Amino acid sequence: MDITPQQTIISTANAGYMSGFGNGFETEALPGALPVGRNSPQRCAYGLYAEQLSGSPFTAPRASNARSWLYRIRPTVAHIGRFAPRDAGLWRSAPCAEETGLPIQPLRWDPLPIPASGETFLTGMRTITTCGDAASQTGMAASIALVTRSMVDETFWNSDAEMLVIPQQGRLRFRTEFGVVDVAPGEVAVMPRGVKFRVELFNEEPARAYVCENYGGAFTLPERGPIGANCLANQRDFLSPVAAYEDVERPQLVVVKWGGQLWQAEIAHSPLDVVAWHGNYAPYKYDLSRFSPVGPLLFDHADPSIFTVMTAPSETPGTANIDFVLFPERWMVAENTFRPPWYHMNLMSEFMGLILGQYDAKPQGFVPGGFSLHNCMLPHGPDAEAFEKASTVELAPHKLANTMAFMLETRLPQRVTAYAAGVAQRQPDYEACWAGLVKKFDPTRR
């Protein structure tokens, strides 16, 4: 095939996928582009270059060893130039020691409004909390991306973190070097550390998304233990893209997040030029409606860990660097049981968002697009309205419908950024939702 300058060739106009979490995939956009029986032949087909992208140390155990071989028009060393610092705007990385003056009580925010000015996925990033240290590969950051225009002739990769993107409003298209990944509210996308991508809008309709940067070990599926081989998130429902490439010869901007800073360089061609790839290190998406929840069938309320979709483990067994937890539609059937989440204090710090509907423990004040922070060893639980209703309602089987909330739970205290502390959408009187929890104690009545 003859490829001429200024010509753009993309093998598929729309996204295509292969299923399976952590599978070893192989895909090619041109026949014979993928070498057979070897990774690095002396000469690759079509004049391509072979390049390995490693998401783990070379000597990591087989179960956690992550790498893919990419067969591209130019290797990545030809997709960089002289990097210069770039203003990160309101994007922050841990450690972030901004003084906020906020007290230590639980915090909650209304949705951040989508701005009228043109903001891309990069310029529209608003970091809310950080914890840990990106350089030591521990902790996370939680941000809101407010996107009103597509990235054009601009590509990004994050050297600091794996990125979990949770759309709440509007659809996003990730054009990655591995292929195309489309996500809408009710789905999530994961961009592994070091993967190049560009984010576009559909019909230029604005979008809002929660974004989690995972500085630690990559997300994986939790062990099911006594649950067995099925339910929760099943491997077959995770989708990675088929190969799709660009051959574009015109000025481009490459932006890299490295060491908590943004850097940019001008190049003369698109870096999304992978014609074929194989391996187990690739972007993926997941439809949250495929999550199969389990729960108590007779009495009591199980721990929220039963709703874990993915976990990023730490070096301490059973203690996550991040758990991504989903509270979807589900039936409530437990007898003689207070059904909403109980009052508690715990070791983990919880950043929570609402994708749609109403959250059962907070019927007022927590709306789609909003978010809250309940840090480690600080009390939280149902507000007064939720407590009264759950304590007196007739306990018939009841379906929590048209709801989808999530939680990013980490073992580390989450520090609020100065932006999030001062933004008008922070609810200054959030703690008042518990003011109606009056004394009911009567020692003369059981």
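For the structure, see preceding data.
All figures in this text were calculated on a predicted structure; none of them were measured in a lab.

A.B. asks: So, the overall build of the chain: which residues are in play, and what are the values?
C.D. replies: Check the secondary structure of the chain and you find 2 helices and 28 strands. Over its C-alpha atoms the chain spans a radius of gyration of 23 Å, differing by no more than 12% from the 22 Å that the globule rule assigns to 446 residues. In terms of overall dimensions, the chain has a C-alpha envelope of 90 × 45 × 40 Å along the principal axes. Within the chain, buried positions represent 53% of all 446 residues. Taking as baseline every contact in the chain between residues at least 6 positions apart, the subset at least 24 positions apart corresponds to 77%.

A.B. asks: Outline unusual backbone geometry, supporting the account with residue identities and numerical values.
C.D. replies: Residues other than glycine predominantly adopt negative phi, and peptide bonds predominantly adopt the trans conformation. Residue P95 is bonded to the preceding A94 through a cis peptide linkage, with omega at 0°. Phi at Q137 is positive, roughly 60°, even though this residue is not glycine. For Q137, the location among the structural elements is in the loop between β7 (125-133) and β8 (138-147). Its identity as a non-glycine residue notwithstanding, C231 has a phi of 80°, on the positive side. Here C231 lies in the loop between β15 (207-214) and β16 (238-241).

A.B. asks: I'd like to hear about the pattern of salt bridges, residue by residue, with values.
C.D. replies: In this structure the tally under the stated criterion is 19 salt bridges. With its nearest N and O atoms 3.0 Å apart, the salt bridge here joins R72 to E51. With R72 in strand β4 (residues 67-72) and E51 in strand β3 (residues 49-54), the pair connects residues that are 21 residues apart, well separated along the chain. Here R72 falls in the buried class, since its relative accessible area comes to 0%.

A.B. asks: Residue-level account of the sheet that holds strand β22 (residues 320-327), with values.
C.D. replies: The sheet built from 6 strands is open, its strands ordered β6-β25-β24-β27-β22-β21 with antiparallel pairing. Every other strand in the sheet has two partners, leaving β6 (107-109) and β21 (308-313) as the edge strands with one partner each. Taking each pair of neighbouring strands and ignoring which way they run, the sheet shows an average axis angle of 15°. Across 7 bridges, the pairing between strand β24 (residues 349-356) and strand β27 (residues 404-410) is antiparallel. Along β27, the bridge assignment pairs M352 with M407.

A.B. asks: Could you give an account of the side chain of H374, with specific residues and numbers?
C.D. replies: With respect to the element layout, H374 can be found in strand β25 (residues 371-374). Polar side-chain contacts of H374 include one of 2.8 Å to the side chain of Y430. With residues up to four places along the chain from it excluded, the contact list for H374 reads P106, M348, S349, E350, H380 and Y430.

A.B. asks: Lay out helix α1 (residues 384-392) with the relevant residues and their values.
C.D. replies: Taken together, the buried positions of α1 are A384, A386 and A390. All buried residues of α1 fall inside an arc of 160° around its axis, so they share one side. Projecting away from the buried face of α1 at angles above 90 degrees are the exposed residues K389 and T392.

A.B. asks: Account for the packing of aromatic side chains, with residues named and values stated.
C.D. replies: By the definition in use, this model includes 21 aromatic pairs. Judged by centre distance (5.6 Å) and plane angle (40°), the ring pair of F338 and F387 falls under tilted. Here F387 lies in helix α1 and F338 lies in the loop between β23 (330-332) and β24, a separation of 49 residues in the sequence. F338 gets classed as partly exposed once you look at its relative accessible area, which sits at 24%. Looking at F387, the relative accessible area reads 22%, which means it is partly exposed. Across the ring face of F202, the terminal group of R171 is positioned such that the distance to the ring centre comes to 3.9 Å.

A.B. asks: Can you tell me about the sheet that holds β16, naming the residues and giving the values?
C.D. replies: Reading across from one edge, β1-β16-β20-β13-β10-β15-β8-β7-β28 is the order of the 9 strands in this open sheet, with antiparallel pairing throughout. Single-partner strands in this sheet number two, and they are β1 (17-19) and β28 (415-416). Inspection of the sheet shows β8 paired to β15 by 8 bridges, in the antiparallel sense. Bridge pairing in β15 links V147 to A207.

A.B. asks: Talk me through a nonpolar patch on the surface; I want residue IDs and the actual numbers.
C.D. replies: Taken together, the side chains of M345, L347 and M377 define a hydrophobic patch exposed on the protein surface, amounting to about 330 Å² of accessible area. The topology assignment puts M345 in the loop between β23 and β24.

A.B. asks: Summarise the nonpolar core; cite the residues concerned and give the values.
C.D. replies: Ranked by internal contacts, the top residues of the largest apolar core, which has 54 residues, are W109, L164, M310, F324 and L408. With residues near it in sequence (within four places) discarded, L164 still touches V188, A189, V190, Y210, V211, C212, F219, M310, F324 and L408.

A.B. asks: Explain the environment of A84 residue by residue, including any values.
C.D. replies: One can find A84 in strand β5 (residues 84-86). It is 39 Å that separates the C-alpha atoms of A84 and P106, two residues lying 22 residues apart in sequence. Look past the residues within four positions of A84 in its chain and what remains in contact with it is L262, W263 and Q264.

A.B. asks: If you had to explain the pairing of β24 to someone new, which residues and values would you point to?
C.D. replies: Extensive coverage of β24 is indicated by the burial of 7 of its 8 residues. Note: β24 against β25, 4 bridges, orientation antiparallel. When the bridges of β25 are listed, M352 appears paired with S372.

A.B. asks: Can you break down the environment of T76 residue by residue, with the values?
C.D. replies: By the element assignment, T76 lies in the loop between β4 and β5. Under the relative-accessibility criterion, T76 is labelled buried at 16%. In this structure the C-alpha to C-alpha distance between T76 and P379, which are 303 residues apart in sequence, comes to 48 Å. There is a polar contact of 3.5 Å between the side chain of T76 and the side chain of R72.

Cut-offs and rules
Residues numbered from 1 in each chain as written. Predicted model: local features only at pLDDT ≥ 70, side-chain atom pairs only at ≥ 80, totals over all residues. Heavy atoms only, no water. Helix = DSSP H or I, 4+ residues; strand = E, 2+ residues; numbered from the N terminus. Rg over C-alpha atoms; globule rule 2.2 N^0.38 Å. Buried < 20%, exposed > 50% of the residue type's maximum accessible area, 1.4 Å probe, protein only. Contact = heavy atoms within 4.5 Å. Salt bridge = Lys/Arg side-chain N within 4 Å of Asp/Glu carboxyl O. Pairing = 2+ DSSP bridges. Axes fitted to C-alpha atoms, helices over the stretch in contact; angles between N-to-C directions. Polar contact = N/O pair within 3.5 Å; in protein donor to acceptor, adjacent residues only side chain to side chain. Arc of directions from axis to C-beta. Phe/Tyr/Trp six-rings, centres within 6.5 Å; stacked < 30°, edge-to-face > 60°. Lys NZ or Arg CZ within 6 Å of the ring centre and 35° of its normal. Patch = residues over 30% accessible without salt bridge, like charges linked within 9 Å, V, L, I, M, F, W, Y side chains within 5 Å. Areas by Shrake-Rupley, 256 points an atom, 1.4 Å probe, with all protein chains shown as cover. Core = buried A, V, L, I, M, F, W, Y, C linked by side-chain atoms within 4.5 Å.

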